[in-house]
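# Fold and contact review
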Amino acid sequence: MTRELVLSIYVVILAVFTGYEVISRVPSILHTPLMSATNAIHGIVLLGAMLVLGAADTPVLHVLGFIAVVLGAANVFGGFVVTDRMLEMFKKKPEARK
Amino acid sequence: MILDTRANIIAVAYIVAAVLLIFGLRKLSSPATARSGNMLAAAGVFLALAITLLDRSIVTYWELALGIVIGGAIGIVAARKVQMTAMPQMVGLLNGLGGGTAALVSLSEYLRLSMAAPVRGGEAVSVVLGTAIGSVSFTGSVVAFAKLQELLSSKPFQFPLQRAFNGLLLLVILALGATMVVGGDTATTPWIVFAVALALGALLVLPIGGGDMPVVIATLNALTGIAAAFTGLVLHNQILVVAGILVGASGTLLTLLMGKAMNRSLGNVFFGAFGATATAAGGAAAGGVAKTVRQTSAEDTAIALAYARKVVIVPGYGLAVAEGQHAVRELAQELEKRGVDVKFAIHPVAGRMPGHMNVLLAEANIPYDELVEMDQINGDFDSTDVVLVVGANDVVNPAAREDPASPIYGMPILDVDKARNVIVLKRSMGTGFAGIDNALFYRDRTRMLFGDAKKSLTSLVEALKTV
């Protein structure tokens, strides 16, 4: 293992506890938006796809990288837009109902 | 290692992005702040993406721009156009996209690294897991999407020795992964891992029936997050690790909650082939006694509702299918005008994804303080005059409480059978996804109102206006 990998594993462990603490506060009425928001957040792998495609130097890497960028971009843009649409419905206060 | 200026800027931006993600998720803990939370998380992700363009290893930009424009346009158009009732499949599809990206990135990075020197040890473990988990999540999500979109039958699909075959595929992935970690692999090994994992993802989800979808969707959500985190480990990119793990934690928590709400373990959902055993058991039980159901009309139901003091509405997947959420809101409003106390009882696994009913009813503008969780409302059924079950089935089946032979025995349910009157809106006497006979339908206090949920609700509103 490289030193960088060891440090990354510390990050993993701390993130697990942070994630647990933060997510367990989300009430069940917001479970779908939570899932949809986290869906958009994992779209951040687009970042990895960008690094792969941007540095691609063989035809295979160009193809794989390009597909990855398209999928990742659809994930991240679509995810946040759809979550926002969903949450817009929730933000209405009960009194505001007609 | 001392970073140069450009690398410093990237590193600091990634740290800021991680903080934004955590605060964004934190704000999702209340409906009032959730929307700004989503915005914060989006700001974090887009900051990280934008700053990555500064990375020195990126040499060609036009391909990137083209890919992002194409993918982004598809994503935004789909997200704007999708119907709220199609939300489960949309969530499933987005999940799959992320899984596919993670798998491709892990595989590509391995190919690139191994051109310089063989990749072994911890790095190889991350590559194998990133590729395999991402691929399983990709095809699993695509199959889940196809089932929810009804491109594939939502009935469980099975073939002989399915579990043994899936186990074999998993072993192949692990064995080939091990050769990549310790050496001895060939140039084709990572491709085989990729291909076998793609097959495994599809085969794991195919045998799962529609009613188990909340667990499946939550599990796939967790898997994609974990795949993204492994991709981050491969790339030594901490923001990817943090984001992936946060998503993984969220998906895992939801999976456990859903499993608990169905009284089933994850293994049972993925390997139990629920539908098949249930049909056999349900059929046997139904064959025993001749049972009759009592039908009612919209007019009679309207009268019962109008003179009730307390009404509880139990929505299920059938309400979403019939797109009856607006009709049910009209009914609730009509009743409230008459001074009837109306609440909605939400079972955690009603629908096809976690929180499905909440989103559906929120779309129809039903205030969220009228939506009551199972544990809070179960004690109230004794004093409820009328329960209206709209398109729900298994989550109100008293067999889960009373009949140890039932396949759903032990699953926590909404105790609607304790109410004074139960009216079930249902298309026909067909059984639910699992083919389990519902004991509720034969109770003395139960009346059936057959027909399309939306039409029945609309005629109830009409009838109520004339009472």
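Please read these numbers as outputs of a predicted model, since none were measured by experiment.

## Details of the overall build of chain A
Counting secondary structure elements, chain A contains four helices and zero strands. Ordered by position in the sequence, the α and β elements of chain A form the string α-α-α-α. For 98 residues, the compact-globule estimate of 2.2 N^0.38 gives 13 Å, and chain A exceeds it by more than 25% at 18 Å. With the C-alpha coordinates aligned to their principal axes, the bounding extent of chain A is approximately 60 × 30 × 15 Å. Looking at chain A residue by residue over its 98 residues, the buried ones come to 57%.

## A few points about the overall build of chain B
Within chain B, the secondary structure is distributed over 18 helices and six strands. For 467 residues, the compact-globule formula gives about 23 Å, and the C-alpha radius of gyration of chain B, at 25 Å, lands near that figure. Structurally, chain B occupies a C-alpha span of about 80 × 50 × 35 Å along its principal axes. Residues counted as buried form 55% of the 467 residues belonging to chain B.

## Some details on helix H7 (residues 189-205) of chain B
Residues and elements named next belong to chain B. Here H7 is 17 residues long and its end C-alpha atoms lie 25 Å apart, about the 24 Å a rise of 1.5 Å per residue gives. Taken together, the buried positions of H7 are occupied by Pro 190, Val 193, Phe 194, Val 196, Ala 197, Leu 198, Leu 200, Gly 201, Leu 203, Leu 204 and Val 205. Contacts from the buried residues of H7 go to helix H4 (87-116), helix H5 (121-148), helix H6 (162-182), helix H8 (213-235) and helix H10 (266-271).

## Some remarks on the interface of chain B and chain A
Taken residue by residue, the interface counts 97 residues in chain B and 78 residues in chain A. The greatest single-element share of the side of chain B that touches chain A, amounting to 17 residues, is contributed by H4(B). For the side of chain B that touches chain A, the residue count by class is 56 nonpolar, 30 polar and eleven charged.

## Quick look at the domain arrangement of chain B
Interface size is often expressed as the accessible area that is lost when the parts come together. Residue and element names in this part refer to chain B. If you check the domain split of chain B, you get domain 1 (1-81), domain 2 (86-272) and domain 3 (292-466). Listed by partner, the interface residues are six residues for domain 1 and five residues for domain 2. The greatest single-element share of the side of domain 1 that touches domain 2, amounting to five residues, is contributed by helix H1 (residues 5-27). Looking at the side of domain 1 that touches domain 2 residue by residue, the class counts come to six nonpolar, no polar and no charged.

## Comments concerning the pairing of strand S1 (residues 310-315) of chain B
Residue and element names in this part refer to chain B. Counting buried positions along S1 yields five of six residues, so the element is predominantly enclosed. Strand direction decides the pairing type here: S1 and strand S2 (residues 341-346), joined by four bridges, are parallel. Looking at S2, one finds that Val 312 is bridged to Lys 343. The sheet contact formed by S1 and strand S4 (residues 386-390) spans five bridges and is parallel. Residue Pro 315 lies in a different strand from S4, and its bridge partner there is Val 390.

## Here we look at the nonpolar core
Residues A:Ile44, A:Val69, B:Leu21, B:Val314 and B:Val389 are the most contacted members of the largest nonpolar core, which totals 192 residues. Tallying contributions element by element places helix H4 (residues 59-90) of chain A first for this core, with 17 residues. The residues touching B:Leu21, leaving out its near neighbours within four places in the chain, are A:Ile41, B:Ala41, B:Gly44, B:Val242, B:Ala243 and B:Leu246.

## Notes on unusual backbone geometry
Residues and elements named next belong to chain B. Residues other than glycine seldom take positive phi values, yet Glu 150 does so here, at roughly 65°. Locating Glu 150 in the fold gives a position in the loop between H5 and H6. For Glu 150, a count of 11 C-beta atoms within 10 Å puts it in the exposed group. Even without glycine at this site, Asn 365 takes up a positive phi of about 70°. For Asn 365, the position within the fold is in the loop between helix H15 (356-363) and strand S3 (371-373).

## Some remarks on H6(B)
Given 3.6 residues to a turn, an α-helix orients residues that are three or four positions apart in the same direction. Residue and element names in this part refer to chain B. For H6, built from 21 residues, the straight-helix expectation of 30 Å at 1.5 Å per residue is met to within 8% by its first-to-last C-alpha distance of 30 Å. Buried within H6 are the following residues: Ile 173, Leu 176, Gly 177 and Met 180. Projected down its long axis, H6 shows its buried positions confined to an angular sector of 105°, all on one face. Residues of H6 that are exposed and point over 90 degrees away from its buried face: Ala 164, Leu 171, Leu 174, Ala 175 and Val 182. Looking at the buried positions of H6, the neighbouring elements they touch are H5 and H7.

## Considerations on the environment of B:Ile58
Locating B:Ile58 in the fold gives a position in the loop between helix H2 (31-52) and helix H3 (62-81). Distance from B:Ile58 to B:Ala322, taken between C-alpha atoms, is 50 Å for residues 264 residues apart in sequence. When neighbours within four sequence positions are excluded, B:Ile58 is seen to be in contact with A:Met50, A:Leu51, A:Gly54, A:Ala55 and B:Leu53.

## Quick notes on the sheet that holds S3(B)
Residues and elements named next belong to chain B. Pairing within the open sheet is parallel, and its six strands lie in the order S3-S2-S1-S4-S5-S6. Two strands close off the open sheet at either side, each with one partner strand: S3 and strand S6 (446-450). Geometrically, the sheet is characterised by an average inter-axis angle of 25° between neighbouring strands, direction not taken into account. Here three bridges tie S2 to S3, and the two strands are oriented parallel to one another. Bridge pairing in S3 links Ile 346 to Glu 373. Contacts between helix H14 (residues 325-337) and the sheet are confined to S1, S2 and S4, with S1 contributing the most and set at about 175° to the helix. Across the sheet, H15 lies against S1, S2 and S3, angled at about 140° from S2, the strand it touches most.

## Considerations on the environment of A:Pro59
Take A:Pro59: it is sitting in helix H4. Sequence-wise, A:Pro59 and A:Val45 are 14 residues apart; in three dimensions their C-alpha atoms are separated by 21 Å.

## Topic: the confidence of the model for chain B
All names here are of chain B. Looking at chain B, pLDDT values average 89 and 94% of them are 70 or higher. Low confidence marks residues 274-288, where pLDDT is under 50. Its contacts with residues over four positions away, or in another chain, come to 28 contacts. Interface confidence in the predicted complex, given as ipTM, is 0.92; pTM for the same model is 0.88.

## So, the environment of A:Ile67
Looking at the secondary structure, you find A:Ile67 in helix H4. Through-space distance from the C-alpha of A:Ile67 to that of A:Leu51 is 13 Å; in sequence the pair is 16 residues apart.

About the criteria used
Residues numbered from 1 in each chain as written. Chains lettered and ligands numbered in written order. Predicted model: local features only at pLDDT ≥ 70, side-chain atom pairs only at ≥ 80, totals over all residues. Helix = DSSP H or I, 4+ residues; strand = E, 2+ residues; numbered from the N terminus. Rg over C-alpha atoms; globule rule 2.2 N^0.38 Å. Buried ≥ 20, exposed ≤ 12 C-beta atoms within 10 Å, placed from the backbone. Expected span 1.5 Å × (residues − 1). Contact = placed C-beta atoms within 7 Å. Nonpolar A, V, L, I, M, F, W, Y, C, P; charged D, E, K, R; others polar. Domains from an automatic or database assignment. Pairing = 2+ DSSP bridges. Core = buried A, V, L, I, M, F, W, Y, C linked by C-beta atoms within 7 Å. Arc of directions from axis to C-beta. Axes fitted to C-alpha atoms, helices over the stretch in contact; angles between N-to-C directions. pLDDT = per-residue confidence, 0-100.

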